[in-house]
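Architecture and fold: a report
Residues per chain, in single letters:
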Amino acid sequence: MPDTALNSVRYDQIRPIKWENDQLHLIDQRLLPSELRYVSYSHVREVTKAITDMVVRGAPAIGITAAYAVVLAARDRIRQSGDNWKQAIQKDLDDLASARPTAVNLRWAVERMRSLIGSINDSLDSDPVSRLVNEAQCIHKSDIEANYCMGELGAALIKSGSSVLTHCNAGALATGGYGTALGVIRSACAADRIQSIYANETRPWLQGSRLTAWELIQEGLAVTLIADSAAAQLMQSGKLQWIIVGADCIAANGDVANKIGTYSLAVLARYHRIRFMVVAPTSTIDLNTESGAGIPIENRPLDEVLACNGQPIAASGADALNPAFDVTPAELVDVIVTEKGVVQSPNAAKITQLFDGL
Ligand code: MRU
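In short, a report on the structure. Predicted model, so just to flag it, every value in this text is computed and none were measured. (Residues numbered from 1 in each chain as written. Predicted model: local features only at pLDDT ≥ 70, side-chain atom pairs only at ≥ 80, totals over all residues. Heavy atoms only, no water.)

Viewed as axis vectors pointing N to C, helix α4 (residues 85-97) and helix α5 (residues 104-119) meet at an angle of 175 degrees, and their least axial separation amounts to 10 Å. The angle between α4 and α5 falls in the class roughly antiparallel. Along its contact with α4, which presents Trp-85, Lys-86, Ile-89, Gln-90, Leu-93, Asp-94, Leu-96 and Ala-97, the element α5 presents Leu-106, Arg-107, Val-110, Arg-114, Ile-117 and Gly-118. For the contact of α4 with α5, the per-class residue count stands at eight nonpolar, two polar and four charged. (Axes fitted to C-alpha atoms, helices over the stretch in contact; angles between N-to-C directions. Helix = DSSP H or I, 4+ residues; strand = E, 2+ residues; numbered from the N terminus. Parallel < 35°, antiparallel > 145°, perpendicular 65-115°, else oblique. Contact = heavy atoms within 4.5 Å. Nonpolar A, V, L, I, M, F, W, Y, C, P; charged D, E, K, R; others polar.)

Here is the structure:
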């Protein structure tokens, strides 16, 4: 495993999720960059809504949040239903798991918590809630450690003097901390390999201009924003060496679902001979989904396209489409970086091999 000591002290200030005083605290990411505010949660239903409404977003961050939400659900169900709490909690878990359909880490974390609940023997276990807290904290801590590890592995692929473009926010805010794509960029900056960081603004939620730019600036890293439609021109200018993105779900054959607009970047990158890196922990890989065709794509409210900040921006009467994610075929991906290793030119056999080594 690479030495992560350097990264754990540099460029690592932001923690979007905290468990303190038996409550879950989330940065309300809808308010950034104008306001940094943690909101506290004590009940699972509020957290499910917070996930759907984008208070917290980014696949790994959603998964960690859901794990803590299961703790809140267990506490309430034990109080209300006593011995029947394990039956009563199932609906809470199902609602949580479907709050954002594409983020596979959400289902992964809920199923891990569900399986722990299944293994708890109430007559032997006097404190099931503490066991669930420990599990959620373990998911949270492992995510940050995986990000440090991916940061080092990904940065090692980047030559000194490189410029990179990222899309959406796959940073500390989208994870337990440090980030996946932004983790690699942070580590590459720490190793002095990055000339310029470009970020797509990422319509319609503007995760690039609001969140990625905010994170980088917090840590003294310079960032240049571009409109999503300027990416082709930037690539044509010869200024870019890498596109680096995260993932919401990676199928067993290496197809990658990520924020809408990622697929077009991959097509453009191949044409311009720019390398395309996907950074994601193994919890984002769904071996039960054979290819990208089987990944559920979340369609979000049309108002997100027809309006901006509550202000209508489209001609009245216009219809809209709002798929939140698209699928990049594995053949357009040069490398997938996970905490277990790097997969060059991914395909089904190489992804299986990655898991065989676990
Ligand atoms: O709709 P969002 O903001 O949840 O979408 C987030 C992304 O697409 C990220 O790139 C992905 O979840 C990876 S985050 C490490």
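Picking up after the structure, the text goes on.
This brings us to the site of the ligand. Close to the ligand lie 18 residues, the nearest being Arg-57, Arg-100, Asp-248, Asn-258 and Lys-259. One nitrogen or oxygen atom from the side chain of Arg-57 is found 2.8 Å from an oxygen atom belonging to the ligand. A distance of 2.8 Å separates an oxygen atom of the ligand from a polar atom in the side chain of Lys-259. Protein chains bury 99% of the 420 Å² of accessible surface belonging to the ligand in isolation. Most atoms of the ligand, that is more than half of them, are within 2 Å of grid points of the largest cavity. Elements supplying a minimum of two residues to the shell around the ligand: α3 (59-81) and β9 (256-259). Taken together, the residues that form the shell around the ligand break down as eight nonpolar, six polar and four charged. (Near = heavy atom within 4 Å. Polar contact = N/O pair within 3.5 Å; in protein donor to acceptor, adjacent residues only side chain to side chain. Areas by Shrake-Rupley, 256 points an atom, 1.4 Å probe, with all protein chains shown as cover. 1 Å grid on protein atoms, 1.4 Å probe; cavity = no way out; pocket = protein on both sides within 12 Å on 5 of 7 lines; lining within 4 Å. Sits in = over half its atoms within 2 Å of the grid points.)

This part is about empty space enclosed by the protein. Following the criterion strictly, the structure yields two cavities of 30 Å³ or more and no others. Space inside the largest cavity adds up to approximately 180 Å³. As for the largest cavity, its lining consists of 23 residues, and the residues nearest its centre are Arg-57, Gly-58, Ala-59, Asn-169 and Asp-248. Put simply, the parts of the chain that give the lining of the largest cavity at least two residues each are α3 and β9. The element contributing the most residues to the lining of the largest cavity is α3, with three residues. (Points joined across faces, edges and corners; volume = space filled by probe spheres on them.)

For the rest of this paragraph, the subject is helix α2 (residues 44-52). Inspection of α2 places Val-44, Val-47, Thr-48, Ala-50 and Ile-51 among the buried residues, and these make up the whole buried set. One face of α2 carries all of its buried residues, which in axial projection span an arc of 160 degrees. Among the exposed residues of α2, those oriented more than 90 degrees off its buried face are Arg-45 and Lys-49. Elements in contact with the buried residues of α2: β2 (23-27), β3 (38-41), α3, α4 and α5. Positioned one or two residues after α2, Met-54 has a phi angle of 75 degrees, which is positive. (Buried < 20%, exposed > 50% of the residue type's maximum accessible area, 1.4 Å probe, protein only. Arc of directions from axis to C-beta.)

Between α2 and α3, the least distance of the axes is 8 Å, while the angle of their chain directions is 165 degrees. By the angle class used here, α2 and α3 are roughly antiparallel. Our pair here, α2 against α3, has a crossing hand that is left-handed. Facing α2, whose interface residues are Val-44, Val-47 and Ile-51, α3 presents Ile-62, Thr-65, Ala-69, Leu-72 and Ala-73. Class assignment of the residues belonging to the contact of α2 with α3 gives a composition of seven nonpolar, one polar and no charged. (Left-handed = near helix turned anticlockwise from the far one by under 90°.)

On to the sheet that holds β3, then. Here we have three strands laid out as an open sheet, ordered β1-β2-β3, and antiparallel in their pairing. A strand with exactly one partner marks an edge of an open sheet, and here the two such strands are β1 (17-20) and β3. The sheet shows a mean angle of 25 degrees between the axes of neighbouring strands, direction not considered. Pairing of β1 with β2, which is carried by four bridges, proceeds in the antiparallel orientation. Bridge pairing in β2 places Glu-20 opposite Gln-23. Contacts from α3 reach β1, β2 and β3 within the one sheet, and its direction differs from that of β1 by about 25 degrees. (Pairing = 2+ DSSP bridges.)

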